[in-house]
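Residue-level structure breakdown
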Amino acid sequence: MLTGRPLNEVKADLFKGLAHPVRIRVLELLAEEDERTVAELLEVTGLEASHLSQHLRVLRTYGLVVSERRASTVAYRLAHPSVAGLLTAARTLLHDVLLSHQVLGAQAAQLAEAQS
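Residues numbered from 1 in each chain as written. Predicted model: local features only at pLDDT ≥ 70, side-chain atom pairs only at ≥ 80, totals over all residues. Heavy atoms only, no water.

An unreviewed UniProt entry lists the protein under the name Metalloregulator ArsR/SmtB family transcription factor, with Demequina capsici given as the organism.

This is how it looks when you write it as structure tokens:
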């Protein structure tokens, strides 16, 4: 995946792996616990097994999660602690962006009111 490719392309591919709300939700669930079984993920997400399986495959492909089979159970966990850090950074960024939009909206409303 990394060989001979510019870093910005590799980063873009990583974000493609994150570019679905279900995959973000699965990563958040895995960040909350050390690991979760497929059965637990199915219960919490309410997804059909085939849909969850597709999303987990994408997350594995991009190296974001790892799985371990124990008898008839498969458990997933984050591949790296930095994945949880990335989710936290995204949450902080989103909060800051939304807050700045609210401030700008309030300032625009005040300006419009002052001009009337």
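Here we take up the overall build of the protein. Counting its secondary structure elements, the protein contains five helices and three strands. When its helices and strands are written in sequence order, the protein yields α-α-β-α-α-β-β-α. A burial count over the protein gives 22% of its 116 residues as buried. Across the protein, the fraction of contacts at a sequence separation of at least 24, relative to all contacts at a separation of at least 6, is 50%. (Helix = DSSP H or I, 4+ residues; strand = E, 2+ residues; numbered from the N terminus. Buried < 20%, exposed > 50% of the residue type's maximum accessible area, 1.4 Å probe, protein only. Contact = heavy atoms within 4.5 Å.)

With that settled, consider helix H2 (residues 21–32). One turn of the α-helix equals 3.6 residues, which is why residues spaced by three or four share an orientation. Relative to the 16 Å expected for 12 residues at 1.5 Å per residue, H2 spans 17 Å between its end C-alpha atoms, a close match to the ideal helical length. Listed as buried for H2 are Val22, Arg23, Val26, Leu27, Leu29 and Leu30. What you see down the axis of H2 is that its buried residues fit within an arc of 160°, all on one side. Turned more than 90 degrees away from the buried face of H2 sit Pro21 and Glu32, all of them exposed. (Expected span 1.5 Å × (residues − 1). Arc of directions from axis to C-beta.)

Right, let's get into the packing of H2 against helix H4 (residues 49–61). Each pair of packed helices can be summarised by the angle the axes make with each other and by the distance between the axes. Close contact between H2 and H4 brings their axes to 10 Å; oriented N to C, the two are set at 75°. In terms of their interaxial angle, H2 and H4 are classed as roughly perpendicular. In this structure, H2 contributes Val22, Arg23, Val26 and Leu27 to the contact, and H4 contributes Leu52, His55, Leu56, Val58 and Leu59. Of the residues in the contact of H2 with H4, the class split is seven nonpolar, one polar and one charged. (Axes fitted to C-alpha atoms, helices over the stretch in contact; angles between N-to-C directions. Parallel < 35°, antiparallel > 145°, perpendicular 65-115°, else oblique. Nonpolar A, V, L, I, M, F, W, Y, C, P; charged D, E, K, R; others polar.)

This part covers the sheet that holds strand E1 (residues 36–37). If you walk across this open sheet you meet the three strands as E1-E3-E2, and the pairing is antiparallel. Pairing within the sheet leaves two strands with one partner each, and these edge strands are E1 and strand E2 (65–70). Looking at chain direction, E2 and strand E3 (residues 73–78) are connected through six bridges and run antiparallel. Paired with Arg70 across the strands is Thr73, a residue of E3. Contacting E1, E2 and E3, H2 crosses the sheet at an angle of about 90° to E3. (Pairing = 2+ DSSP bridges.)

For the pair helix H3 (residues 38–45) and H4, the least separation of the axes is 10 Å and the interaxial angle reads 110°. Regarding the angle of H3 to H4, the classification is roughly perpendicular. Crossing hand, H3 versus H4: right-handed. Contacts between H3 and H4 involve Val38, Leu41 and Leu42 from the first element and Ala49, Leu52 and Leu56 from the second. A breakdown of the residues in the contact of H3 with H4 according to their chemical character gives six nonpolar, no polar and no charged. (Left-handed = near helix turned anticlockwise from the far one by under 90°.)

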